[in-house]
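Letter by letter, the chains look like this.
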Amino acid sequence: MNRIPTGGGVPVPPQALHVAVGWRTGHGVPDVDVSALLLGAGERVRGDADLVFCNHAEHPSGAVRHLGRSAPGAPGSPAADWLWLDLARVEPDVGRLVIAASVDGGSFGQVPGLDVRVADGAGNPVTYRAVEGATAESALVCGEFRRWDGGWFFRAGGRGYASGLAGLATDFGIVVEHPPPPIPGPGYVPPPAPPAPAAPPAPVSDPYGGEFRPSAYQGRGKETVHCDPGLPAGHWVLLEIESYHSLSTTIESCDAYGRAEDYLLTAYEDDVRARTVALVPRARPLALRVEAETPWTLRVLPLSHARRFDSRVEGLAHDLVVYEGPAGVLDFAHHGESNFTVHRHAPPLDPLYDDEERELLVDEIGEVRVSAPVPGPGLLRISGDGPWKCSVRG
C-alpha cells in the first residue's frame, strides 16, 4: 500500500473504491464525519447536491455514496466513517473530488490516530495517509481525487478550518443558510402552548420508519455481525452487501442464542452487490451470520434508502424494493438461469404480538414470466441471477 505524505499523490484505478477516515475511540474523543465534495469549473461545486455526507447520502449521479460509520468498540479501538465511490461514473465536468472530515463539539486536536485509507472493491488497500498535526480545527481536507493524464490520482490534503463543515463547504461554493436573527424588542414572549389532547393516541408500530445512522461492517469468511443495539426495535432495516470473486455469499438472521435462523440472502454470482431486509428484534440487538469466501462489506441502512415504486421497477439479481401501490397483480420477467424468488414482507396484523407478515409470491427457475397477486403495500425481496422487471396491473 502506498503511504503518501501531505501534498504527495499516487495514481488510483478508475473503478469502485472505498474511502475510510479512521481514528481511535476514547473518552472525550468526538466522532468524525466524512464527506465528499464534487468540484467543477472554478474549483467549486455546481450545486448543493455536490456535497455528499450523512444527511445527503448519495450523489444524483450514483458515483458517490456515504456508507456510514463502523460500529464503535471499546475505548481505544479503531473506528471509521466510510464513503463508496466509482471514479468511472464521475461526470466529465467534475475534475476534483475532495474528501473532508469534520467533528461536532470538539476539535481534531482531540482525535488520536486520524488517517485516510483507500481500498478497492475487494478490500485490497490502494493508498494510505496519516493525518497529523491538527489542533483547533473542526474540519479538515484529508485528501482529494484529481483527474490527471486521462486517469485519476489521489493527493493528500491538509487544509483545516476552525469553522467546521459549514466553513469548509462555504469555501467550495456551498451556500449555508444561517438561522434567522433574534426577535427585536425588550424581550421574547413564547407563544402559548397548544391545548393538550383529550386522550393520548394508542401507540402504533411503524416498521417502515426508524431513521438511524448507517453502519458498515467488514469481514471475510463466516462471521457473526452484532449490529448496533440502538437500531429501532420492531422496524425493518435495509442490508446491503458487497463481495467479489466468491463462490457464494449468504446472510442469515440469528436467534436469541446466536444460532443461524432464516436465510435473508443467498447469492451464487461471482461479484455480488445485493440488497435484502431484516427485522430488528424487539427484545435484543439484531445479529446476522454473514459468509463469503473473500472479503465482504455489509452495510446496515434505514429503510428510507430502499428503492420505491408503485407501477413499474427494474433491477438486477438481488434487491429490496418498497411497493407503495394498491392491491393488484404483479407481473415479473426474469432473464437468468437459476432460481428466481419474490418474498413479500408486510407490517404485522397485530403489532403487539406478530413480527411481520411474510409470504413467498414467486418461486421459479430460469427465464420466466409469471404473475402474482399483491394485496397492497409491502416490501418485495427479489432474488435472481439476472435482470428482472416488475409491473403492476390493477
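See the structure above.
Since the structure is predicted, the reported quantities are computational estimates derived from the model, not experimental observations.

About the thresholds
- Residues numbered from 1 in each chain as written.
- Predicted model: local features only at pLDDT ≥ 70, side-chain atom pairs only at ≥ 80, totals over all residues.
- Heavy atoms only, no water.
- Helix = DSSP H or I, 4+ residues; strand = E, 2+ residues; numbered from the N terminus.
- Buried < 20%, exposed > 50% of the residue type's maximum accessible area, 1.4 Å probe, protein only.
- Contact = heavy atoms within 4.5 Å.
- Areas by Shrake-Rupley, 256 points an atom, 1.4 Å probe, with all protein chains shown as cover.
- Polar contact = N/O pair within 3.5 Å; in protein donor to acceptor, adjacent residues only side chain to side chain.
- Salt bridge = Lys/Arg side-chain N within 4 Å of Asp/Glu carboxyl O.
- Pairing = 2+ DSSP bridges.
- Disulfide = S-S within 2.5 Å.
- Phe/Tyr/Trp six-rings, centres within 6.5 Å; stacked < 30°, edge-to-face > 60°.
- Axes fitted to C-alpha atoms, helices over the stretch in contact; angles between N-to-C directions.
- Core = buried A, V, L, I, M, F, W, Y, C linked by side-chain atoms within 4.5 Å.

1. Structural notes on the overall build of the protein
Along its length, the protein carries one helix and 28 strands. Across the 394 residues that make up the protein, the buried fraction comes to 51%. A fraction of 74% describes how many contacts in the protein between residues 6 or more apart in sequence connect residues 24 or more apart. Counting every atom, the protein has about 18900 Å² of accessible surface; 54% of that belongs to carbon and sulfur.

2. Some points on the environment of E242
In this fold, E242 is placed in strand β15 (residues 236–244). E242 sits 57 residues away from R299 along the chain, and the two C-alpha atoms are 8.8 Å apart. Not counting residues within four places of it along the chain, the set of residues in contact with E242 comprises H18, W84, V272, R273, P295, W296, T297 and R299. Only 2.7 Å separates the side chain of E242 from the side chain of Y244, close enough to count as a polar contact.

3. Considering the pattern of salt bridges
Opposite charge on two side chains permits them to pair, given that their charged atoms come into close proximity. A complete count under the given rule lists 24 salt bridges for this structure. When the shortest N-O distance is used, the salt bridge between E58 and R65 registers 3.7 Å. Overall, the relative accessible area of 6% leaves R65 in the buried class. Beyond isolated ion pairs, a larger network of salt bridges with shared partners links E58, R65, E240, E242, R273, R275 and R299.

4. What about the pairing of strand β2 (residues 9–12)?
Across the two faces of β2 the burial differs, with V10 and V12 buried and G9 and P11 not buried at all. Bridging between β2 and strand β12 (residues 151–156) involves four bridges; their strand directions are antiparallel. Paired with G9 across the two strands is R155, which belongs to β12.

5. Describing the state of the cysteines
Applying the stated criterion across every chain, the model contains zero disulfides. Not engaged in a disulfide, the cysteine C227 finds its nearest cysteine sulfur in C254; these two sulfurs lie 9.4 Å apart. Take C227: its relative accessible area is 3%, and that puts it in the buried class.

6. Comments concerning the packing of aromatic side chains
For the structure on display, the rule yields four aromatic pairs. On the basis of an interplanar angle of 50 degrees and a centroid distance of 5.4 Å, the ring pair of F309 and Y323 is categorised as tilted. Residue F309 is found in strand β20 (residues 307–309), and its partner Y323 is found in strand β22 (residues 319–323); the two are separated by 14 residues along the sequence. On the basis of relative accessibility, which here comes to 5%, the residue F309 falls in the buried class. Given the relative accessible area of 0%, Y323 is considered buried.

7. With respect to the sheet that holds strand β24 (residues 339–346)
With respect to topology, five strands assemble into an open sheet ordered β20-β22-β27-β24-β25, the strand pairing being mixed. On the outer flanks of this sheet lie β20 and β25 (357–365), each paired with one strand and no other. Within the sheet, the average angular offset between the axes of one strand and its neighbour, ignoring direction, is 25 degrees. Sheet topology note: the β24/strand β27 (residues 378–383) ladder contains five bridges and is antiparallel. By the bridge assignment for β27, T341 is matched with S383.

8. Comments concerning the nonpolar core
In this structure, V21, V32, L85, L97, I99, L114 and F145 are the most contacted members of the largest nonpolar core, which totals 35 residues. At the level of secondary structure, the elements contributing two or more residues to this core comprise β3 (16–24), β4 (32–39), β7 (78–86), β8 (96–103), β9 (115–120), β11 (139–148) and β12. For L85, the residues in contact, after removing those within four places along its chain, are Q15, A16, L17, V19, A63, V64, L97, I99 and F145. Membership of the second largest hydrophobic core comes to 23 residues, among which are L264, A267, L286 and W296.

9. A word on the sheet that holds strand β23 (residues 328–334)
Taken together, four strands build an open sheet; the order of strands is β21-β28-β23-β26 and the sheet is antiparallel. A single partner strand is all that each edge strand has here, and the edge strands are β21 (312–316) and β26 (368–374). On average, each strand axis in the sheet is inclined to that of its neighbour by 20 degrees, with strand direction left out of account. The pairing of β23 with strand β28 (residues 387–393) spans six bridges and is classified as antiparallel. From the neighbouring strand, L330 faces β28, where its bridge partner is V392.

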